[in-house]
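Per-entry structural report
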Amino acid sequence: MEGRKLKYVKDLVCISCGEKYEASPTQYLCPKCGEKGILDVEYDYEKIKKDWNKEELKANPNPSIWRYSPLLPIEPNTPKPPLKIGGTPLYKSDVMAKLLGIETLYIKDDSLNPTGSLKDRASAIAVLKAQEAGMNTVSCASTGNAASSLAGNIASMGNEMKAVIFVPSRAPIGKVTQLLVYGALVLSVKGSYEETFYLSQEAIDKWGWYNRNAAINPYLVEGKKTSSIEIAEQLNWEMVDWLVYSVGDGCTIAGAWKGMYDLKQIGFIDKLPRLLGVQSEGCAPITQAFKSGTDLVPVPENTIADSIAVGKPRNYIKAIKAVKDSNGDMINVADEEILDMIKILGKKTGIFGEPAGVAGVAGIKKAVENGIIKPYESVAVIVTGNGLKDIKNAEKAVGAPLTVQPNLNELSQLLKDYNF
Ligand SMILES: *Cc1c(COP(=O)(O)O)cnc(C)c1O
Ligand SMILES: [Zn+2]
């Protein structure tokens, strides 16, 4: 009866039919509703309010996501991955604000997580839940940050746990290599991503591994919510008008909203921000469903922003509900706008994001131009992944360096020509 050991969790509720389930580590979906039976963790806010407050949190020297443990679905004594997850910086950038046409902009650099993306926040929770389930092998199908963050967090547990990662054979060599460096068992599947995903599901069922396939696992969103909770704490509990996230499967933005909801319920914040979800024009099924009000239609994945290139997103219901509940909006950006933003953000702030990592920032520019965000409104955006993960696309944005002979005269001429 694992559920009872979770001090502040009441149960899991199905977002489609409302049925409640005991919060056991392996209760992934509502069996009645199948793929649409995404579960949501319900907390006992009254109890949290009694046991926890802002002063206590302020005095806690732990800078990682575990400082928010009362709002996480974990047992107190489960061993935690020793990597420092979360606690990433929030910068105020007046230069970028001006460039985007607003007065106040904060940028949270989540590319500084241990494996280079926001996904560490979710994978760390997966490592804990696997242990609570008594399983030492965790598996997922992914070519990107979900896999590398899982492999890295498992590696940090020493020799106690194993990661099994399924990748489609077209996966970029850089990302596959990161998995191998972390010592994961990497299986390159000769098939499409869809086939890879279903093979991983079959293997997970057959060998009883813990399932870190996002959206299917309700606990992962809870890890992701720490990104917005951190922003609130960093802003001394005065939330901005808009909170901006790039959107692929939809788990991250849904998590961001959950974090805000939690903080409101326990009285840590008064004002809720509006959410702006940003997708890539070449793959925007959630924006499409949000705007049209119809059910989601899967689309092809035609964008350089691979981390949000999700043609058949699995957590769109939660994502759309979050944006609607916040009185927010969705917007799409083109690949050229993303490439431009890699360059501008790098040059103006020293933050180097991967394409999906800067898509949110590109979305602000467009939302201001379209009158969605007003110039006087304050905005916080999260850079979700590190630019070093995708050098090929960064190179497209910035081109090649100047070349010069080892000769000072020639260098002088070159700098003059270059107007430096
Ligand atoms: C996963 C990811 C996202 C989007 O998160 P979803 O939960 O898929 O919506 C955005 N940026 C990066 C870098 C990611 O890895
Ligand atoms: Zn259901």
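So, a few notes on the structure that sits alongside this text. Note that the structure is predicted; figures quoted are calculated from it, not measured. (Residues numbered from 1 in each chain as written. Chains lettered and ligands numbered in written order. Predicted model: local features only at pLDDT ≥ 70, side-chain atom pairs only at ≥ 80, totals over all residues. Heavy atoms only, no water.)

It is worth spelling out the pattern of salt bridges at this point. By the definition in use, this model includes 24 salt bridges. With a closest N to O distance of 3.7 Å, Glu35 and Arg314 form a salt bridge. Separated by 279 residues along the polypeptide, Glu35 in the loop between strand E2 (20-21) and strand E3 (39-43) and Arg314 in the loop between helix H11 (285-292) and helix H12 (316-325) bring together distant segments of the chain. Relative accessible area serves as the criterion here: at 15%, Arg314 is assigned to the buried category. Salt-bridge contacts for Asp295 lead to Lys36; the nearest nitrogen and oxygen are separated by 2.8 Å. With Asp295 in the loop between H11 and H12 and Lys36 in the loop between E2 and E3, this pair connects stretches of sequence that are 259 residues apart. Look at the salt bridges and you will find they share partners, linking Asp40, Glu222, Lys225, Lys258, Asp262 and Lys318 into a network. (Salt bridge = Lys/Arg side-chain N within 4 Å of Asp/Glu carboxyl O. Helix = DSSP H or I, 4+ residues; strand = E, 2+ residues; numbered from the N terminus. Buried < 20%, exposed > 50% of the residue type's maximum accessible area, 1.4 Å probe, protein only.)

Bound to the zinc ion (ligand 2) are the protein donor atoms Cys14 (SG), Cys17 (SG), Cys30 (SG) and Cys33 (SG), situated 2.3 to 2.4 Å from the metal. With 4 donor atoms in place around the zinc ion (ligand 2) and angles of 104 to 113° between them, the coordination shape is tetrahedral. Positions of the donor residues of the zinc ion (ligand 2) along the chain correspond to the pattern C-x2-C-x12-C-x2-C. Of the two residues, Cys17 sits in the loop between strand E1 (9-14) and E2 while Cys30 sits in the loop between E2 and E3, which places them 13 residues apart along the sequence. Given the relative accessible area of 0%, Cys30 is considered buried. (Donors = N, O, S within 2.8 Å, 3.2 Å for Na, K, Ca; no water. Tetrahedral: all angles 85-135°; square planar, octahedral: opposite > 155°, others 65-115°.)

Now for the sheet that holds strand E5 (residues 104-109). Adjacent strands of a sheet pair through backbone hydrogen bonds, lying either parallel or antiparallel. Strands sit in the order E4-E5-E13-E10-E11-E12 across an open sheet of 6 strands; the sheet is mixed. On the outer flanks of this sheet lie strand E4 (90-92) and strand E12 (329-333), each paired with one strand and no other. Put simply, the sheet's adjacent strands are angled 25° from each other on average, direction ignored. The pairing of E4 with E5 spans 3 bridges and is classified as antiparallel. Paired with Leu90 across the two strands is Lys108, which belongs to E5. This element, helix H14 (residues 355-369), spans E5, strand E10 (242-246), strand E11 (274-280), E12 and strand E13 (378-383) of the sheet and lies at about 110° to E12. (Pairing = 2+ DSSP bridges. Axes fitted to C-alpha atoms, helices over the stretch in contact; angles between N-to-C directions. Contact = heavy atoms within 4.5 Å.)

Moving on to helix H10 (residues 251-265). The terminal C-alpha atoms of H10 lie 21 Å apart, and with 15 residues this matches the ideal 21 Å at 1.5 Å per residue to within 8%. With 12 of its 15 residues buried, H10 lies for the most part within the structure. Those residues of H10 that sit buried are Cys251, Thr252, Ile253, Ala254, Gly255, Ala256, Trp257, Lys258, Gly259, Met260, Asp262 and Leu263. Once H10 ends, the next one or two residues include Gly267, with phi positive near 80°. (Expected span 1.5 Å × (residues − 1).)

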